[in-house]
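Architecture and fold: a report
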Amino acid sequence: MKEYAYLTRFMKSIKAGKQHTAFITGASSGLGDAYANALAQSGFDLIITARRKEKLEECKKVLEKKHSVSVVTIQADLSKQDDIGRLENEIEKSRNLCMLINNAGFGAMDYFAASPLSKVLDMLHVHVTATTRLCRAAVPVMKKNGTGYIINVSSLMAFMPLAGQVMYSATKSYIVHFSEALQQELQKSSIKVQALCPGFIATNFLKSPEYSESDSEALRMDSITMKPEKVVEESLLALKKRKVIFIPGMKNRLLYHILYNRPGLWLIKKIAGRMMSSIKQE
Ligand SMILES: NC(=O)c1ccc[n+]([C@@H]2O[C@H](COP(=O)([O-])OP(=O)(O)OC[C@H]3O[C@@H](n4cnc5c(N)ncnc54)[C@H](OP(=O)(O)O)[C@@H]3O)[C@@H](O)[C@H]2O)c1
């Protein structure tokens, strides 16, 4: 893995010589795995969670060997309330908790009324319920510790309500509003909240089973796709800043400003409508 001397120095200053733990959801691949690597390199102990136990165990082996940190793995499906409950218990027990990264997530490209209700609810639970419940468990622990960092992974799609992405853009937009309001409540504490809003990232996101019915790889635009390590580096360094919403990558920030004025969004809606016309509504 690339060495991030500057980042490592900053992350070590967060730890201030103490042993601290970072709790990361969706750490079995992509962005979550990159967060785990960057934080282990800075000496954080980790609690990592996802559904694929074998992937988590592989990560644990590599991270413990390379960085001499302690890594606990917990298999959990965040679409299930009982599994979220088990993670809440772990957070409440974790006395050294310094960082919570609500990263687990998935996308899907289909019509809202045509997608099975179970899939709709799964996304609601993974993005909204899990993020909310884990923050609710972590904030009291962080308050007690006097400090803490929460990164809730949203998306640029939070600002783009589009056909074919009804649940995705709505749930990611919840994460943005939730994080902003939570930070306001925590203004007087030393807890920092970030809503990370990336554009395309080179991960397996578009190859997940939920995207299997669409030609999702065709969606990705190489010129604005970022490496997960770069997104993580920018996200962690942005914890220094006061802003809650953080968009990694210059091109993404530019895109955000173009889209956020109405003509830009109108054009994107037209393109999305064309793409969706090849997908059956019933
Ligand atoms: N890649 C992009 O272009 C992009 C852009 C903007 C935002 N994001 C966001 O970035 C985050 C990370 O995605 P990624 O790009 O790293 O994709 P990824 O490689 O597919 O990783 C997704 C992670 O979420 C976990 N996950 C998915 N469903 C889960 C469930 N029901 N319960 C528990 N864990 C679950 C997966 O683990 P298991 O399969 O092992 O459970 C995996 O570790 C997501 O929140 C995504 O919305 C991605």
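Residues numbered from 1 in each chain as written. Predicted model: local features only at pLDDT ≥ 70, side-chain atom pairs only at ≥ 80, totals over all residues. Heavy atoms only, no water.

1. A short note on the site of the ligand
Near the ligand you find 29 residues, and of these Arg 51, Arg 52, Asn 103, Tyr 168 and Thr 203 are the closest. The contact in question runs from an oxygen atom of the ligand to an N or O atom on the backbone of Gly 26, over 3.0 Å. One of the side-chain N or O atoms of Lys 172 is found 2.9 Å from an oxygen atom in the ligand. Taken by itself the ligand offers 880 Å² of open surface, and the protein chains cover 95% of this. Secondary-structure elements contributing two or more residues to the shell around the ligand are helix H2 (30-41) and helix H6 (166-185). A breakdown of the residues in the shell around the ligand according to their chemical character gives 13 nonpolar, 12 polar and four charged. (Near = heavy atom within 4 Å. Polar contact = N/O pair within 3.5 Å; in protein donor to acceptor, adjacent residues only side chain to side chain. Areas by Shrake-Rupley, 256 points an atom, 1.4 Å probe, with all protein chains shown as cover. Helix = DSSP H or I, 4+ residues; strand = E, 2+ residues; numbered from the N terminus. Nonpolar A, V, L, I, M, F, W, Y, C, P; charged D, E, K, R; others polar.)

2. Let's talk about the sheet that holds strand S4 (residues 97-102)
Spatially, seven strands are ordered S3-S2-S1-S4-S5-S6-S7 in an open sheet, and the strand pairing comes out parallel. Edge positions in the sheet fall to strand S3 (71-75) and strand S7 (245-246), since each has one partner strand and no second. Direction of pairing for strand S2 (residues 45-50) relative to S3: parallel, over a ladder of five bridges. Bridged to Ala 50 within S3 is Gln 75. Each of strand S1 (21-25), S2, S4, strand S5 (148-153) and strand S6 (191-196) touches H2; the most contacted strand, S1, lies at about 170 degrees to it. (Pairing = 2+ DSSP bridges. Contact = heavy atoms within 4.5 Å. Axes fitted to C-alpha atoms, helices over the stretch in contact; angles between N-to-C directions.)

3. Structural notes on the packing of aromatic side chains
Evaluation of the coordinates by the stated rule reveals three aromatic pairs. Ring centres 5.8 Å apart and planes at 55 degrees place the aromatic pair Tyr 168 and Phe 205 in the tilted group. Pair noted here: Tyr 168 is in helix H6 and Phe 205 is in the loop between S6 and helix H7 (228-237), with a separation of 37 residues, a long-range link. On the basis of relative accessibility, which here comes to 26%, the residue Phe 205 falls in the partly exposed class. Ring geometry for Tyr 174 versus Phe 178: centroids 5.6 Å apart, planes at 15 degrees, classification stacked. A residue pair is termed a helical-turn pair when its members lie 3 or 4 positions apart in one helix, as Tyr 174 and Phe 178 do in helix H6 at four residues. Using a relative accessible area of 30% as the deciding quantity, one classes Tyr 174 as partly exposed. (Phe/Tyr/Trp six-rings, centres within 6.5 Å; stacked < 30°, edge-to-face > 60°. Buried < 20%, exposed > 50% of the residue type's maximum accessible area, 1.4 Å probe, protein only.)

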